[in-house]
Amino acid sequence: MAGDEPAPDGGTARGAGTGFEGIDWTAVDDAGSAGPSAAVTAEVLVLLGLAAALVYDYVVLANEAPTVGVVGWDVTGVEWLLVVVLVVGAFHAALPLARNRRLTAYYWRQFRKNRAAVVSLGFLGVVFLVGLVGPLIWTAPNEAIDYAAAYQPPVFAGGSWEHALGTDAQGRPIWHLIVYGMRVSLEVGLISMVFAISIGTVVGTAAAYFGGYVDEALMRYVDLQQTFPVFILLLLLIYLYGASLLLIIALYGLFSWEGTARLVRSEALQRGEEAYVRAAEATGAGRWWTIRRHLIPNVSSTVITAATLSIPVFILGEASLSFLGFGDPDVFSWGRTISAGRSDLPNAPWISTIPGLFLFLTVLAFNFVGDALRDAIDPR
Amino acid sequence: MGMKWYVVRRVAWAVVATYLAVSLTFGLLMVTPNAGADVAAAQAAASGQDYDAVRERYLERRGLDRPVEEQYVDYMTNILTLDWGYSFSQGEPVLAAIGEAWVYSAQYFVPSILISALLGYGIGLYSALNRYTPTDYLGSFVAYFGISIPNFWFAIVLILLFGVVFRLLPTFYDSGVALLSVQNAKQLLLPVVVLSTASVAGQMRYSRAQAIEYARSAFVKTARAKGASEWRVLTRHILRVALVPLSTILIADVLAVLFAGSFIIETIFQIPGLGRLALEAIQQRDTPLVLATTLIPVFIAILGNLLQDLAYVALDPRIDYGDR
């Protein structure tokens, strides 16, 4: 009788009740993994909500009013991107981890073996939180200019607790500069990483799976992109168009995925030969389905490691550009603060050294975490 | 497909890549407003002349009002015939300015590469053969330190320590010093240390990983079983096979350091090399010089990649030319 009833979810009822063939494999799959139906709907809804808010911000409010009136926060283009990246991250990293408790616990046990990496993860958590909410708590450096308080040394060098990390030439507290610098590093690291890793993964898997002319064309392009150094391209484009944080982030995101693409391609080539991919093809799975359901999940350990290790590269790159004076003049990058403190090196060394220490520790922490992740999730 | 065919294809690809890179710079120039014209027009407008008229005259004089395809042919011909234009910010032809600057870049660059390659491979191989010893941990620490420290910040801290606090070394480069003198060596010490710290780390990590892979292989065990000394195993058996993939890192590293590092090192230590030349060109909106200082690294990168791939062919007999 089961076969005569209308299918509740369209089409799968045909063989229902006849044992093995009646199993809805999609549902079985979903029960084990992230469960797309509900999560994907929620994600799409949140992203649509953000898109609506973006349109509202640019069309209705335009430049006249801050986006979030209560706290006077006028959301910039880069901050919009950061919000989108955080939403994507919540649905594609945090949610699957929360659902697969057992696997998460296993990874955590592996990861915990590396003490330095655990400490680094804690430090990065603090940087993430302060970078995210800090600018809402502490005033922007330019609103904190106070010439009377210029060149206050930090508290450990004989300064007062009022400015625990000292002040710069214009009396701006170093701590405020560091907090706003954290936000910039957060934006550069996360947004560029998501762009670069997404493009690299898609290109790498596509090249490996389709092979032939697709592979040849994509990999030749990758060769070309690798020859043209991003740093030089950035300098040339900044020369031509002027500096903005959005341009720097976009260029790092769009032109530095070649390493990931190569890595994913070679990984996917090995995976493509394995039995489960052959089995999927034999049961009639389409190419796109095979790539999405079988290849990408199986190269994810490579991708996650590459993602973590690419963040410090982007952060350092942006800081170097800002140090050279090619950063966005409207944001307080750590590189810019360090550069500004150079002329005061003999009399006020803390202006350059303290933000530099934060930059160094952030990059170091990412490198520790990336290597520990590789050891934890990559069995080889 | 044989080896010759592979080499021909590889060289042809390098030519195509060069052509595409030069075309890209032309395309970028075409779609953006001419910086030089804006500067000239703004100056003229300040002295009471008509902004648009001056701007047009500027473009006309340089042939920039002609059809795009004509300009393109011209541009490509000039690049090919090494007629790279005149740099107004330096007051001499672009190529002459570059000819004077590269000597200063090479002075700190060549020692850094040599030191970082020797130290990096040395420590990497040593810690691979002596894993989980204090020396290995020290090596890992140095590697993490090297890849994580922002080189501009490291340079500042070193200047602060050795130049300002202890007054042992000069804080900036003096181009008036003779090339082969103690003073020159002293003022090049900090730039070399900063540059090599960054690249030592990368080479150390890769050579350690490579050597660990080979240290467990059958041919190394065989060599040991036959009574070869540790030194012989290291130099004749492990290093020889490991050198092939390591040469890739060396080229990639050399180029990465050259491009990003030279700008920073030369700015901080005030060395009048290629990096400083490029920065001055950008700051003064000197388009011919900006182009030259952009294209030269790109050409070097293309050439470096070509030489590396050809070296692979010579070094590694296992390469399958049919594959790529």
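Residues numbered from 1 in each chain as written. Chains lettered and ligands numbered in written order. Predicted model: local features only at pLDDT ≥ 70, side-chain atom pairs only at ≥ 80, totals over all residues. Heavy atoms only, no water.

1. Considering the nonpolar core
No. 1: Grouped together as the largest cluster of nonpolar side chains are 139 residues, with contacts concentrated most on Leu321(A), Leu359(A), Phe152(B) and Phe269(B).
No. 2: Broken down by element, the residue count for this core peaks at 17 residues, all from helix H6 (residues 174–210) of chain A.
No. 3: Those residues in contact with Phe269(B), other than ones at most four positions away along the chain, are Ala155(B), Ile159(B), Thr171(B), Phe172(B), Tyr173(B), Leu190(B), Pro191(B) and Val194(B). (Core = buried A, V, L, I, M, F, W, Y, C linked by side-chain atoms within 4.5 Å. Buried < 20%, exposed > 50% of the residue type's maximum accessible area, 1.4 Å probe, protein only. Helix = DSSP H or I, 4+ residues; strand = E, 2+ residues; numbered from the N terminus. Contact = heavy atoms within 4.5 Å.)

2. Section: the interface of chain B and chain A
No. 1: Listed per partner, the contact involves 44 residues of chain B and 42 residues of chain A.
No. 2: Together, the buried faces of chain B and chain A total about 4000 Å²; carbon and sulfur atoms form 77% of this surface.
No. 3: Between Asp371(A) and Arg205(B) there is a salt bridge, and its shortest N-O distance comes to 2.2 Å.
No. 4: Counting only elements with at least two residues in the side of chain B that touches chain A, the list comes to helix H1 (3–31), helix H6 (134–148), helix H7 (151–165), helix H10 (230–269), helix H11 (274–283) and helix H12 (287–315) of chain B.
No. 5: At nine residues, H1(B) tops the list of elements feeding residues into the side of chain B that touches chain A.
No. 6: Tallied by class, the residues present in the side of chain B that touches chain A amount to 33 nonpolar, seven polar and four charged. (Buried area = accessible area lost by both parts, 1.4 Å probe. Salt bridge = Lys/Arg side-chain N within 4 Å of Asp/Glu carboxyl O. Nonpolar A, V, L, I, M, F, W, Y, C, P; charged D, E, K, R; others polar.)

3. Describing the packing of helix H12 (residues 287–324) of chain A against helix H14 (residues 350–377) of chain A
Residues and elements named next belong to chain A.
No. 1: Where H12 meets H14, the closest approach of the two axes is 8 Å, and the angle between their N-to-C directions is 170°. Judged on the interaxial angle alone, H14 and H12 are roughly antiparallel. Across the interface between the two elements, Ser301, Ile304, Thr305, Thr308, Leu309, Ile311, Pro312, Ile315, Leu316 and Ala319 of H12 pack against Leu359, Thr362, Val363, Phe366, Asn367, Val369, Gly370, Asp371, Leu373, Arg374 and Ile377 of H14.
No. 2: Residue classes in the contact of H12 with H14 are distributed as 13 nonpolar, six polar and two charged. (Axes fitted to C-alpha atoms, helices over the stretch in contact; angles between N-to-C directions. Parallel < 35°, antiparallel > 145°, perpendicular 65-115°, else oblique.)

4. What to know about the confidence of the model for chain B
Residues and elements named next belong to chain B.
No. 1: Residues with a pLDDT of 70 or more make up 92% of chain B, whose mean pLDDT is 81.
No. 2: Considering each helix and strand of chain B separately, the mean pLDDT is smallest for helix H2 (residues 35–46), with a value of 72, and largest for helix H9 (residues 218–225), with 89.
No. 3: Reported for the predicted complex are a pTM of 0.83 and an ipTM of 0.82. (pLDDT = per-residue confidence, 0-100.)

5. Considering a negative patch on the surface
No. 1: Residues Asp50(B), Asp52(B), Glu56(B), Glu60(B) and Asp65(B) make up a contiguous surface patch of negative charge.
No. 2: Its location among the elements puts Asp52(B) in helix H3 (residues 51–61). (Patch = residues over 30% accessible without salt bridge, like charges linked within 9 Å, V, L, I, M, F, W, Y side chains within 5 Å. Areas by Shrake-Rupley, 256 points an atom, 1.4 Å probe, with all protein chains shown as cover. Lys, Arg positive; Asp, Glu negative; His and termini not counted. Charge placed at Lys NZ, Arg CZ, Asp CG, Glu CD.)

6. Regarding a nonpolar patch on the surface
Residue and element names in this part refer to chain A.
No. 1: A surface patch of nonpolar side chains, about 370 Å² in accessible area, is lined by Val40, Val44, Leu45 and Leu48.
No. 2: Among the secondary structure elements, valine 44 is positioned in helix H2 (residues 36–61).
No. 3: Accessibility expressed as a relative area gives 44% for valine 44, which makes it partly exposed.

7. Focus on unusual backbone geometry
All names here are of chain B.
No. 1: Even without a glycine there, the phi angle at arginine 167 is positive, about 55°.
No. 2: Position of arginine 167 among the secondary structure elements: in the loop between H7 and helix H8 (182–215).
No. 3: Given a relative accessible area of 64%, arginine 167 falls into the exposed group.
No. 4: Here the phi dihedral of glutamine 270 falls at roughly 55°; this positive angle occurs in a residue that is not glycine.

8. Describing the confidence of the model for chain A
Residue and element names in this part refer to chain A.
No. 1: When pLDDT is averaged along chain A, the result is 80; 85% of the residues meet or exceed 70.
No. 2: Taking the mean pLDDT of every element in chain A, the minimum, 52, falls on helix H1 (residues 25–32) and the maximum, 91, on helix H13 (residues 334–340).
No. 3: Contacts for the low-pLDDT stretch residues 1–18, under 50 throughout, to residues beyond four places or in other chains number nine contacts.
No. 4: With pLDDT under 50 throughout, residues 31–35 is counted as low confidence; its partners more than four residues away or in other chains account for seven contacts.

9. Digging into H1(B)
Residues lying three or four places apart along an α-helix face the same way, a consequence of the helix completing one turn every 3.6 residues.
No. 1: Over its 29 residues, H1(B) extends 42 Å from the first C-alpha to the last, a length consistent with the 42 Å expected when each residue adds 1.5 Å.
No. 2: Where H1(B) is concerned, the buried positions are Tyr6(B), Arg10(B), Trp13(B), Ala14(B), Ala17(B), Ala21(B), Val22(B), Ser23(B), Thr25(B), Phe26(B) and Leu28(B). (Expected span 1.5 Å × (residues − 1).)

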